[in-house]
Amino acid sequence: MNDPLSTPDAAWSYDTAAVQTGISRGLGETIGFPIHAAAAFQFETLEQAQDEFQHNQGLSYARIQNPTVRALEERITALEGGAATVALASGQAASLTALLSVCRAGDHVVSSASLFGGSTGMLTNILPLMGITATLVEGGPEEIGAAMQDNTRLVWAEMISNPSGAVADLAALAGVAHERGALLAIDNTCGGAGYLCRPLDHGADIVSQSLTKWAGGHGSVMGGSVTVGKRHDLSRNPIFAGGEPSLLAQRGPDALAWRQRWFGAHQLGMTLAPHSAFLIAQGLETLALRLQRESDSALALARWLEQHPRVGGVSYAGLPGHPSFPLVQKYLPRGAGAVLTFDVDDPSRFLSRLRVLRIAPNLGDVRTLVVHPWTTTHGRVPEAARLAAGVRPGTIRMSVGVEDVADLQADIEQAL
Ligand SMILES: *Cc1c(COP(=O)(O)O)cnc(C)c1O
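What you see is a predicted model; the values in this text were computed from it and never measured.

In this section: the sheet that holds strand β12 (residues 395-399). Taken in spatial order, the five strands line up as β8-β9-β12-β11-β10 in an open sheet, and their pairing is mixed. Taken across any chain shown, the strands that pair with only one partner, and hence form the sheet edges, are β8 (312-315) and β10 (358-359). Relative to β12, strand β11 (residues 369-371) runs antiparallel, the two sharing three bridges. From the neighbouring strand, valine 370 faces β12, where its bridge partner is methionine 398. The strands touched by helix α11 (residues 274-307) within the sheet are β8, β9 (339-343) and β12, with β9 carrying the most contacts at an inclination of about 15°.

Structure (structure tokens):
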């Protein structure tokens with residue numbers, strides 16, 4: 001892991017970094033990540049233990065750090081082009097950690113309203129329990145800018161929102177956030193762990209994501225991660241700039257990454273298990289191949305569905321008619337991702353007739369999965385917010401897998 005030949009090379013492309021990062025080179029070294037099934041790690045002296053408990057830089061107790069998880073974190077840092085990553089037990093754990101790392105009681109968050117249901121719930125139900133308020137805004141950077149307050153510490157948006165497909169205008173959102181001394185956090189779940197887009201390259205300060213989706217890729221594991229960018233200005237955030245000595249003075253440029261690990265792993269214990277880290281690291285090795293094919297198939301299916309007489313409301317940002325199409329051209333050169341939505345007259349009948357597509361509430365699986373968001377993923381979201389998120393009573397959400405696109409098309413056709 002400390003071998004210079006295994007550390008990420010900034011010149012590596014995504015595909016190379018995905019399979020090379022974190023794997024040591026040398027006689028007898030494993031090809032692939034060793035799983036460190038351990039709850040604790042040894043010291044040889046009192047002084048070593050004392051030093052580790054003071055600085056938390058190395059290994060002591062696996063709630064805080066584990067070598068398998070650390071290798072995955074290095075890989076994600078390389079793929080997202082960040083400075084540091086903490087991997088956690090789920091995407092929800094990652095969102096909570098990202099939010100709490102820069103907000104405390106009395107602070108405020110502005111978010112795009114076009115969100116995954118779990119994120120809407122966290123912003124509107126969980127944060128207020130801690131005295132943090134959130135404003136969810138329909139619209140883009142202009143409307144988000146208008147909702148900013150003096151106590152706004154964070155702007156939150158999804159790279160490609162789930163399920164509406166709205167694409168974040170990263171440069172404009174970063175401008176709006178930074179002008180007021182806030183940070184920009186992007187949920188890059190549908191950006192595929194940096195494959196479709198690396199928000200940190202375009203002004204975002206924090207990337208949070210569910211690794212359960214494209215990173216795991218096989219419906220077999222849960223995880224999440226928070227990555228901090230190489231440049232972020234916390235000088236106007238009292239958590240970091242206040243106090244004597246301030247957190248910034250104590251921790252320097254690592255202050256934000258330190259606080260994220262401290263919150264998410266050390267204090268809240270939302271630690272990723274090493275076996276899960278192994279599965280996710282292995283999933284990342286084929287993410288580029290899978291997601292490219294899935295995104296290409298999603299575009300082909302979206303074009304076909306758009307012409308289908310029994311289908312309405314096809315929403316896919318890769319189609320020229322989608323409001324985010326210009327942002328796809330700007331930020332997503334490899335494609336608009338694997339998720340699309342469309343409306344059918346009788347969703348219950350449509351879903352029960354499927355023979356290849358499967359009904360399951362996940363994204364990024366190698367198999368094509370569909371859900372009826374109105375009654376499931378967004379069932380608890382207030383109706384107006386559901387509609388704002390692009391969820392109507394007839395809407396089907398589809399996460400396209402790697403199957404032959406002709407088989408997918410034939411299955412949809414017979415079910416319609
Ligand atoms: C699934 C998802 C999450 C939550 O991730 P889990 O791993 O299910 O906790 C967060 N954001 C988005 C966009 C998601 O799709």
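Now, onward.
Moving on: the site of the ligand. Around the ligand there are 14 residues in total, and Gly91, Asp187, Ser210, Thr212 and Lys213 lie nearest to it. Between the ligand and serine 210 there is a distance of 2.8 Å, counted from an oxygen atom to a side-chain nitrogen or oxygen. Within the side chain of threonine 212, a nitrogen or oxygen atom sits 2.7 Å from an oxygen atom of the ligand. Partitioned by chemical class, the residues of the shell around the ligand number three nonpolar, eight polar and three charged.

Overall, mixed pairing links the seven strands, which are arranged β1-β7-β6-β5-β4-β2-β3 in an open sheet. The open sheet terminates on both sides in strands that have one partner only, identified here as β1 (84-88) and β3 (133-137). In this sheet, neighbouring strand axes are inclined to one another by 20° on average, regardless of whether the strands run parallel or antiparallel. Pairing of strand β4 (residues 152-158) with strand β5 (residues 183-187) involves five bridges; the strand directions are parallel. When the bridges of β5 are listed, glutamate 158 appears paired with aspartate 187. The sheet contacts of helix α3 (residues 67-80) involve β1, β6 (206-210) and β7 (224-228), and relative to β1 the element is tilted by about 125°.

A few words on the pattern of salt bridges. Per the counting criterion, the structure on display carries seven salt bridges. Between arginine 153 and aspartate 107 there is a salt bridge, and its shortest N-O distance comes to 3.1 Å. Here arginine 153 is found in strand β4, whereas its partner aspartate 107 is found in the loop between α4 (91-102) and β2 (108-112), with 46 residues between them in sequence. Of the two residues, arginine 153 and aspartate 107, neither departs from the other in class, the shared state being buried. With a shortest N-O distance of 3.5 Å, aspartate 150 and arginine 180 are connected by a salt bridge. Here aspartate 150 is found in the loop between α6 (141-146) and β4, whereas its partner arginine 180 is found in the loop between α7 (170-179) and β5, with 30 residues between them in sequence. Owing to a relative accessible area of 71%, aspartate 150 belongs among the exposed residues under this scheme.

Counting 83 residues, the largest nonpolar core has Leu72, Phe342, Phe350 and Met398 as its most contacted members. A total of 12 residues in this core trace back to one element, the largest contributor, which is α11. Formed jointly, this core draws a minimum of three residues from each of two domains, domain 1 (14-284) and domain 2 (289-415). Residues within four places of phenylalanine 342 in sequence aside, it is in contact with Leu305, Val311, Gly312, Gly313, Val314, Phe350, Gly394, Thr395, Ile396 and Met398. With 32 residues, the next largest nonpolar core counts Ala98, Leu100, Ile132 and Leu183 among its residues.

So, about the domain arrangement of the protein chain. Interface size is often expressed as the accessible area that is lost when the parts come together. According to the domain assignment, the protein chain contains domain 1 (14-284) and domain 2 (289-415). Measuring from the centre of the C-alpha atoms in domain 1 to the corresponding centre in domain 2 gives 27 Å. Contact with domain 1, which involves 37 residues of that partner, is made by 36 residues of domain 2. Applying the counting rule to domain 1 against domain 2 returns 16 residue pairs in polar contact (both at pLDDT 80 or more).

Here the UniProt-annotated "modified residue: N6-(pyridoxal phosphate)lysine" (unreviewed entry) positions come out as Lys213. With respect to the helices and strands, lysine 213 occurs in the loop between β6 and β7. The exposure class of lysine 213 is buried, given its relative accessible area of 12%. Beyond its immediate sequence surroundings of up to four residues, lysine 213 is in contact with Thr189, Asn362, Leu363 and Gly364.

Before going further, it helps to spend a moment on the pairing of β3. In the sheet, β2 pairs with β3 via five bridges, with the strands oriented parallel. Its bridge partner lying in β3, valine 109 is registered against alanine 134. What joins β2 to β3 is helix α5 (residues 117-126), and the crossover it makes is right-handed.

On to the confidence of the model for the protein chain. Counting all residues, the mean pLDDT for the protein chain is 94, and 98% of those residues have values of 70 or more. Scored below 50 in pLDDT, residues 1-5 shows 11 contacts in the model against residues more than four places distant or in partner chains.

Quick look at a positive patch on the surface now. A grouping of Arg310, Arg349, Arg353 and Arg355 is seen on the molecular surface, where their side chains present a positively charged patch. Secondary-structure assignment places arginine 353 in helix α13 (residues 347-353).

Between α3 and α11, the shortest axis-to-axis distance is 8 Å and the interhelical angle comes to 30°. By the criterion of interaxial angle, the relationship of α3 to α11 is roughly parallel. Crossing geometry of α3 relative to α11 is assigned as left-handed. Each of Thr68, Val69, Leu72, Arg75, Ile76 and Leu79 in α3 lies in contact with α11, whose residues at this interface are Pro274, Ala277, Phe278, Ile280, Ala281, Leu284 and Glu285. Counted by class, the contact of α3 with α11 contains 10 nonpolar, one polar and two charged residues.

What counts and what doesn't
- Residues numbered from 1 in each chain as written.
- Predicted model: local features only at pLDDT ≥ 70, side-chain atom pairs only at ≥ 80, totals over all residues.
- Heavy atoms only, no water.
- Pairing = 2+ DSSP bridges.
- Helix = DSSP H or I, 4+ residues; strand = E, 2+ residues; numbered from the N terminus.
- Contact = heavy atoms within 4.5 Å.
- Axes fitted to C-alpha atoms, helices over the stretch in contact; angles between N-to-C directions.
- Near = heavy atom within 4 Å.
- Polar contact = N/O pair within 3.5 Å; in protein donor to acceptor, adjacent residues only side chain to side chain.
- Nonpolar A, V, L, I, M, F, W, Y, C, P; charged D, E, K, R; others polar.
- Salt bridge = Lys/Arg side-chain N within 4 Å of Asp/Glu carboxyl O.
- Buried < 20%, exposed > 50% of the residue type's maximum accessible area, 1.4 Å probe, protein only.
- Core = buried A, V, L, I, M, F, W, Y, C linked by side-chain atoms within 4.5 Å.
- Domains from an automatic or database assignment.
- UniProt positions renumbered as here; feature names shortened; annotations may be inferred.
- Right-handed = clockwise from strand over helix to strand, strands pointing away.
- pLDDT = per-residue confidence, 0-100.
- Patch = residues over 30% accessible without salt bridge, like charges linked within 9 Å, V, L, I, M, F, W, Y side chains within 5 Å.
- Areas by Shrake-Rupley, 256 points an atom, 1.4 Å probe, with all protein chains shown as cover.
- Lys, Arg positive; Asp, Glu negative; His and termini not counted.
- Charge placed at Lys NZ, Arg CZ, Asp CG, Glu CD.
- Parallel < 35°, antiparallel > 145°, perpendicular 65-115°, else oblique.
- Left-handed = near helix turned anticlockwise from the far one by under 90°.

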